[in-house]
Amino acid sequence: MSAEKPAILFVCLGNICRSPLAEGAMRHVAARAGVALRVDSAGTGDWHVGEPPDRRAQAVAARHGVDISDLRGRQVTALDFRYFTHVVALDRRNLADLEAIRPKDGGARLSLLLDHVPGREGQAVADPYYGDTAGFEVTWAEVMAGAEGLLRLIRA
Ligand code: 4NP
């Protein structure tokens, strides 16, 4: 028996570009499907704790009808593996950093976001931070595909 409500934490490096976009995309697809989920995001680094998402990330989400302006950066901790059922890394470095802090006795299932997109298993969501608007559109498409795949997993 498992009555636990799914709780998904997305983790990138800064928690101002990719993981807040993944959080916004996940909230969007879950609401659209009428599925109750807890969703949050965090960074492996602490440089942007307390800050809103990057303006370009806010803008791409807004172009797709999703408001992420209320999100604030925070740093991931080992305790997150207890509070969440799924911890989802945006790239391989994030995944390796999470494996290093993961409690020995388990907790949340750990995966890469694109593991949930058929044909893209093992791939990273590239960091758009040093790129342009087109890069943020690619990120949005990737996090939407990942969110839809995670929703299928949770509903299965
Ligand atoms: P994110 O992008 O990991 O997708 O939030 C980054 C944002 C800021 C920095 C690195 C990555 N930074 O070094 O400040």
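Here, every reference points to the structure presented above.
From a predicted model like this one, the values you see are computed outputs, not experimental measurements. (Residues numbered from 1 in each chain as written. Predicted model: local features only at pLDDT ≥ 70, side-chain atom pairs only at ≥ 80, totals over all residues. Heavy atoms only, no water.)

Caption draft 1: How the structure looks around the site of the ligand. Close to the ligand lie Cys12, Leu13, Gly14, Asn15, Ile16, Cys17, Arg18, His48, Asp127 and Tyr129. A distance of 3.0 Å separates an oxygen atom of the ligand from a polar backbone atom of Leu13. Note that an oxygen atom of the ligand is positioned 2.8 Å from one of the backbone N or O atoms of Gly14. Across the complex, the protein chains shield 89% of the 360 Å² of accessible surface that the ligand would expose by itself. Judged by the proximity of its atoms to the pocket grid, the ligand belongs to the largest pocket. Of the residues belonging to the shell around the ligand, the class tally is five nonpolar, three polar and two charged. (Near = heavy atom within 4 Å. Polar contact = N/O pair within 3.5 Å; in protein donor to acceptor, adjacent residues only side chain to side chain. Areas by Shrake-Rupley, 256 points an atom, 1.4 Å probe, with all protein chains shown as cover. 1 Å grid on protein atoms, 1.4 Å probe; cavity = no way out; pocket = protein on both sides within 12 Å on 5 of 7 lines; lining within 4 Å. Sits in = over half its atoms within 2 Å of the grid points. Nonpolar A, V, L, I, M, F, W, Y, C, P; charged D, E, K, R; others polar.)

Caption draft 2: Inspection of the nonpolar core at higher detail. Of all hydrophobic cores here, the largest spans 33 residues; its most connected members are Ile8, Phe10, Leu21, Met26, Leu113, Trp140 and Val143. Taken together, the elements giving at least two residues each to this core come down to β1 (7–12), α1 (18–33), α2 (55–63) and α5 (133–155). When residues of this core are assigned to their parent elements, the largest contribution, eight residues, is made by α5. Sequence-distant contacts of Trp140, defined by excluding residues within four places in its chain, comprise Leu21, Gly24, Ala25, Val60, Ala61, His64 and Val66. (Core = buried A, V, L, I, M, F, W, Y, C linked by side-chain atoms within 4.5 Å. Buried < 20%, exposed > 50% of the residue type's maximum accessible area, 1.4 Å probe, protein only. Helix = DSSP H or I, 4+ residues; strand = E, 2+ residues; numbered from the N terminus. Contact = heavy atoms within 4.5 Å.)

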